[in-house]
Amino acid sequence: MKMPNIKASLSDEITAREVENREVAYSAAVESIVLLKNDGALPVAPCNIALFGSAAVKMVKGGTGSGEVNERHVIDICEGLKKAGFSVYNENYVSRYISEYETEKEKFKKQNPVGIPIGKSAEDMINIMANPFKIPAGPIVTYEDVADSKAEICIYAVARQAGECADRSLSDYDFTFMPREVENLKFLAKHFEKLILVINAGGSMDMSVLDEIPEINAVIFLCQQGMESGRAFADILTGKANPSGALTDTWVNSYYDVPGAGGFADLDGNPRETDYGEGIFVGYRCYDTFGANVRYPFGYGLSYSEFKLEYRDLVQDRDSFKIDVSVTNVKGPAGKKIVQVYAACPEGKLAKERKRLVGFGKSSVLQEGESERIGIFFDFRNLSSYDEAEASYVCEPGKYVILIGENCEKVSPVAYIEIQNRIILSKCKNICPCEVKFEELDLPRATGFDAAGLTGIVADTGFIKTEVYDYGTQVEDHDEKAEKLVENLTIKEKLTLLSGTGFMGAKDCTLTVPGAAAYTAAIRDKNIPSVALCDGPAGLRLQRVSAITKKGAVKPMEMMMDFMNEWPEFIKKMMTGDAKKDTLIYQNATSFPVGTALAQTWNVNLLEKVGDAVGREMEEFGATFWLAPGMNIHRNPLCGRNYEYFSEDPLLTGLVAAAISRGVQSHRGKYVTIKHFACNNQETSRAGTSANLSERALREIYLEGFRLAVKKGGAKAVMTSYNKVNHVYTPNSHDLCTKVLRNEWGFKGVVMTDWMSTSKGLAGRADAYKAGNDLIMPGGNGVIKECLKDYKAGKLTDEDINICLKRVLDLVMEGGMDL
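In this text, all values refer to a predicted model and were calculated from it rather than measured experimentally. (Residues numbered from 1 in each chain as written. Predicted model: local features only at pLDDT ≥ 70, side-chain atom pairs only at ≥ 80, totals over all residues. Heavy atoms only, no water.)

**Q** Can you help me understand the overall build of the chain in this one?
**A** Broken down by element type, the chain carries 22 helices and 31 strands. Radius of gyration (C-alpha) of the chain: 26 Å, near the 28 Å computed for a compact globule of 819 residues. Counting only C-alpha atoms and orienting by the principal axes, one finds that the chain spans roughly 75 × 75 × 50 Å. Looking at the chain as a whole, 63% of its 819 residues qualify as buried. A sequence separation of at least 24 residues applies to 79% of the contacts in the chain between residues at least 6 apart. Of the roughly 30,100 Å² of accessible surface on the chain, 49% is carried by carbon and sulfur atoms. Charged side chains of the chain number 96 positive and 111 negative; the gap between the two group centres comes to 4 Å. (Helix = DSSP H or I, 4+ residues; strand = E, 2+ residues; numbered from the N terminus. Rg over C-alpha atoms; globule rule 2.2 N^0.38 Å. Buried < 20%, exposed > 50% of the residue type's maximum accessible area, 1.4 Å probe, protein only. Contact = heavy atoms within 4.5 Å. Areas by Shrake-Rupley, 256 points an atom, 1.4 Å probe, with all protein chains shown as cover. Lys, Arg positive; Asp, Glu negative; His and termini not counted. Charge placed at Lys NZ, Arg CZ, Asp CG, Glu CD.)

**Q** It is not clear to me how the sheet that holds strand β24 (residues 583-586) should be interpreted in this structure. Could you clarify?
**A** Backbone hydrogen bonds hold the strands of a sheet together, and the pairing may be parallel or antiparallel. Taking strand neighbours across the sheet as the criterion, the three strands line up as β23-β22-β24 in an open arrangement whose pairing is antiparallel. Strands with a single pairing partner mark the edges of an open sheet, and in this sheet they are β23 (554-556) and β24. Each adjacent strand pair in this sheet contributes to an overall mean axis angle of 35°, direction not counted. Pairing analysis gives four bridges linking strand β22 (residues 545-548) to β24, with the strands arranged antiparallel. The partner of Ala 547 across the bridge, within β24, is Leu 584. (Pairing = 2+ DSSP bridges. Axes fitted to C-alpha atoms, helices over the stretch in contact; angles between N-to-C directions.)

**Q** Before we go on, may I ask you to explain the side chain of Arg 686 in this structure?
**A** Here Arg 686 is to be found in the loop between β26 (671-677) and β27 (690-692). By relative accessible area, which is 2% here, Arg 686 ends up buried.

**Q** I would appreciate a short explanation of helix α4 (residues 91-111) in the present structure.
**A** Between its first and last C-alpha, α4 extends 30 Å over 21 residues, near the 30 Å set by a 1.5 Å rise per residue. In this fold, the buried residues of α4 make contact with β2 (48-52), α2 (54-57) and α6 (143-149). (Expected span 1.5 Å × (residues − 1).)

**Q** It is not clear to me how the packing of helix α16 (residues 604-621) against helix α17 (residues 650-664) should be interpreted in this structure. Could you clarify?
**A** Helices that pack against each other are described as a pair by the angle of their axes relative to one another and the distance between those axes. Axis separation between α16 and α17 bottoms out at 6 Å; the angle between their running directions is 40°. Overall, the two elements α16 and α17 adopt an arrangement that is oblique. Crossing of α16 over α17 shows right-handed handedness. Side by side, α16 and α17 meet where Val 604, Leu 607, Glu 608, Gly 611, Asp 612, Val 614, Gly 615 and Met 618 of the first sit next to Leu 655, Val 656, Ala 659, Ile 660, Arg 662, Gly 663 and Val 664 of the second. Grouping the constituent residues of the contact of α16 with α17 by class yields nine nonpolar, three polar and three charged. (Parallel < 35°, antiparallel > 145°, perpendicular 65-115°, else oblique. Left-handed = near helix turned anticlockwise from the far one by under 90°. Nonpolar A, V, L, I, M, F, W, Y, C, P; charged D, E, K, R; others polar.)

**Q** Help me understand the sheet that holds strand β17 (residues 423-427), please; the structure alone is not making it clear to me.
**A** Sheet architecture is open: four strands sit in the order β13-β14-β17-β19, paired in mixed fashion. One side of each edge strand has no neighbouring strand; the edge strands of this open sheet are β13 (385-387) and β19 (467-468). Sheet analysis places strand β14 (residues 392-395) next to β17, joined by four bridges and oriented antiparallel. By the bridge assignment, Tyr 393 is partnered in β17 with Ser 426. Relative to the sheet, helix α18 (residues 695-711) contacts β13 and β14, its axis offset from that of β13 by approximately 155°.

**Q** Hey, could you run me through the pattern of salt bridges in this one?
**A** Pairs can form between side chains of opposite charge whenever their charged atoms are close. Per the counting criterion, the structure on display carries 59 salt bridges. Residue Glu 228 pairs with Arg 22 through a salt bridge whose shortest N-O separation is 2.3 Å. Taken together, the positions of Glu 228 in the loop between β6 (218-221) and α9 (229-238) and Arg 22 in helix α1 (residues 16-32) put the pair 206 residues apart, joining distant regions of the chain. Neither residue differs from the other here; Glu 228 and Arg 22 are each classed as buried. The network of salt bridges with common partners includes Glu 164, Arg 641, Glu 644, Glu 683 and Arg 686. (Salt bridge = Lys/Arg side-chain N within 4 Å of Asp/Glu carboxyl O.)

**Q** Would you take a moment to explain the state of the cysteines for this structure?
**A** Disulfides are covalent bonds that link the sulfur atoms of two cysteine residues. Per the counting criterion, the structure on display carries zero disulfides. Free cysteine: Cys 223, not disulfide-bonded; nearest cysteine sulfur from Cys 639 at 14 Å. (Disulfide = S-S within 2.5 Å.)

**Q** Would you mind showing me how to read the pairing of strand β28 (residues 717-720) here?
**A** Consecutive side chains of a regular strand alternate in pointing toward one face of the sheet and then the other. Residues Ala 717 and Met 719 line one face of β28 and the alternating positions Val 718 and Thr 720 line the opposite face, and both faces are buried. The pairing of β26 with β28 spans three bridges and is parallel. By the bridge assignment for β28, Phe 677 is matched with Thr 720. Pairing between β28 and strand β31 (residues 750-752): three bridges, direction parallel. Considered in β31, the bridge of Met 719 is made with Met 752.

**Q** Where do I start with helix α12 (residues 480-487) in this structure?
**A** Side chains three or four residues apart in an α-helix point the same way, a direct result of the helix having 3.6 residues per turn. Looking only at α12, the buried set comprises Ala 482, Leu 485 and Val 486. What you see down the axis of α12 is that its buried residues fit within an arc of 100°, all on one side. Those residues of α12 that are exposed and aimed more than 90 degrees away from the buried face are Glu 480 and Glu 487. In this structure, the buried side of α12 is in contact with α13 (491-497) and α22 (798-815). Looking at where α12 begins, the residue whose side-chain oxygen comes 2.8 Å from the main-chain nitrogen of Lys 481 is Asp 479. (Arc of directions from axis to C-beta. Polar contact = N/O pair within 3.5 Å; in protein donor to acceptor, adjacent residues only side chain to side chain.)

**Q** I'm lost on the environment of Leu 42 in this one. Help?
**A** By the secondary structure assignment, Leu 42 is in the loop between β1 (34-38) and β2. Residue Leu 42 is classed as buried on the basis of its relative accessible area of 5%. Remark: the alpha-carbon pair of Leu 42 and Gly 239, spanning 197 residues in sequence, is separated by 7.7 Å. Excluding residues that lie within four positions of it along the chain, Leu 42 makes contacts with Leu 35, Ile 196, Ala 218, Ile 220, Leu 237 and Tyr 304.

**Q** Help me understand the pairing of β2 in this model?
**A** Most of β2 sits out of view: four of its five residues are buried. With two bridges connecting them, β2 and strand β3 (residues 87-88) associate as parallel partners. If you follow Asn 48 over to β3, its bridge partner there is Ser 87. Relative to strand β4 (residues 153-159), β2 is paired through four bridges, and the arrangement is parallel. When the bridges of β4 are listed, Phe 52 appears paired with Tyr 156.

**Q** Where do I start with unusual backbone geometry in this structure?
**A** Excluding glycine, residues mostly carry a negative phi; peptide bonds, for their part, are mostly trans. Leu 42 connects to Pro 43 through a cis peptide bond whose omega is 0°. On the secondary structure map, Pro 43 appears in the loop between β1 and β2. Omega for the bond connecting Met 777 with Pro 778 falls within 30 degrees of zero, at 0°, which places this linkage in the cis form. With respect to the secondary-structure elements, Pro 778 resides in the loop between α20 (765-771) and α21 (781-792). Residue Ser 685 is not a glycine yet carries a positive backbone phi of 50°. The topology assignment puts Ser 685 in the loop between β26 and β27.

**Q** Sorry, what's going on with the packing of aromatic side chains here?
**A** Counted according to the given criterion, the structure contains 25 aromatic pairs. Their ring planes at 80° and their centres at 6.0 Å tell us that Phe 175 and Tyr 255 sit as a pair that is edge-to-face. Taken together, the residues Phe 175 in the loop between β4 and α7 (179-191) and Tyr 255 in the loop between α9 and β7 (273-275) connect sequence positions 80 residues apart. A relative accessible area of 1% means that Phe 175 is categorised as buried. For the ring pair Phe 625 and Tyr 671, a centre distance of 5.2 Å and an interplane angle of 50° mean the geometry is tilted. One end of the pair, Phe 625, is in strand β25 (residues 623-627); the other, Tyr 671, is in strand β26, with 46 residues separating them in the sequence. Among the aromatic residues, those joined into a ring-pair cluster are Phe 52, Tyr 93, Tyr 97, Tyr 101, Phe 108 and Phe 133. (Phe/Tyr/Trp six-rings, centres within 6.5 Å; stacked < 30°, edge-to-face > 60°.)

Here it is as structure tokens:
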């Protein structure tokens, strides 16, 4: 048998790495589950328990699309409860649910046959998963189910799944409870002493059901926690673990409380034009500033313990500030507590939100009566605003009131920082001009906090010099090996290296990683290796079991992505291997909590360990680029990929991404690819929509997280998005790919396109290279031919190509050195 160059294992034995990474996944899951309501019903000791609802049978561990992970085993809610010592009696209900589920799925498949992706347009291919099957509510719970359960406590768990290519739907109850779910909850509230509602979704929901059924005793936002979901949930339920997660989004009372709700995606009938009329007032910045009532505020999360936060000190150390807060577990079991720090900026020329998050920290496990002093850092940039008229980040004069608390609403002003003169921190160039005219929210004045009665400091600003960026052609430092290689490559070889090898490119790669999203090209006689790019962000999306045929071909043993399971059987049979004839190989990756859940830990040290665990698996399997983290802002709760992303807040988003990036890149030659740059805030018509917004909103809200991932996380790769920003496709935006990313932030890595985003009728390929988008993915021969033609026509120059190529080779040569 001819063996390909491959790192996958011939054994399916559980390894030490699997066990260790599973524990990291568990730690992240248990710290990110959010307790939303508790009237004293929780925690509960193991006992007889009734378990109903869609997530009782079809729990969702993560979203669909590129965010899928093919792990060895997932502990669901039922298994987690049983392992924790609960007796679960729901067999009759489960049997009825499965029957209904299969009937509904077969009906859906007949009405919505999944075609094979052959001969489809680029946009059809990009949106191939745009019509997913919706998990049904399940059967009506009966008196017999109640009697069979032999329990006084009931868990009703609802599941919602979202994913790539499609946004959540109001008409399909993605955001609200289904009528049957409400009916079941009303029935259960009458027949059980305790009723616990569990939300197994990747984002927020309309929780009006709590007003309708106040008898619900407790609500747990499980989110989607990967392979350790059930174990983490059971430990929260019993109190073995004390809830310490907090929301990274505001949960509104109803969908139309969201700013710009009616204009999201196709709700206004025009998904290709989306006006960001809320400006900088995204999420809590809007609700807090305009006094809107919300269901659960940003940063909200309950504990089984009572904690006290006390302000201790505020000091300046040149360009940074440190606030010390004492955290005490006043009463209750051992647990952790999140401390959130906000700043209320003074009124001035620029409208501002009432307050903004400027820092946060999390205590260690504190026993009852134990205290810990936490230092939280922030800087002048966190206090600044962007002035479009001057193209500058500025701190306006006045008193910046500093607040501490446990969520956006439950905060107290504790000190102030006085900036006596207007400071210009950095002088930029205006970017991404918006030609569309639309009304933008403006701030009612005098909405901030009074500094009267507070102690504070006068900021030392004498040392601050305005940073002025060089937007000219910059001399970049490259690896000497890359410099020499470029000199000895033909133009065709260069363009080959600036394009991936296509969807079926594994046959000519120097290393095969079954399930990789794509590969870079190899030039074997120049000793340039190919490297694998693997999807994320809930772990590495790989083929768990593959087969090597006698001729050395590598075939999957099962479909790698969920939507592929709906393809005709004869196609799947042609694609897959034969366990009786072929040699089987294994890649058992870890499925971690989804992005939103990871951020709900508010624990950057833990998230760096998550990144380290991913990097360890990249080393084991031979991956070089991890196409994660996803870090677009949660502008609207209906975005189908919000589960992949972190928060409505740019600071939290950026610091979480930076921590994960540091963890992954602590492994030499392993790189994160932060995505989707930028404003990929809807999935509907994602390859054609234009995000229309002001430069200030773009910079302060939608780019800031990426800046932090680059500056504080050292992210080595960036993926541009499908969409346009102010009518310019992001791969073609010199403003984004060069002016902001390289000139202002000092980014030294590789910028790549999202898959097929430069197909016919979309972003231009030559324009992408000229803009600073270095690598076109997934690439292929058609890309190379077109770019050769453009080169001969003078649309691409040697300088354009060489600049991009040196950046790619810097990372490819380091990433491929051990392959």
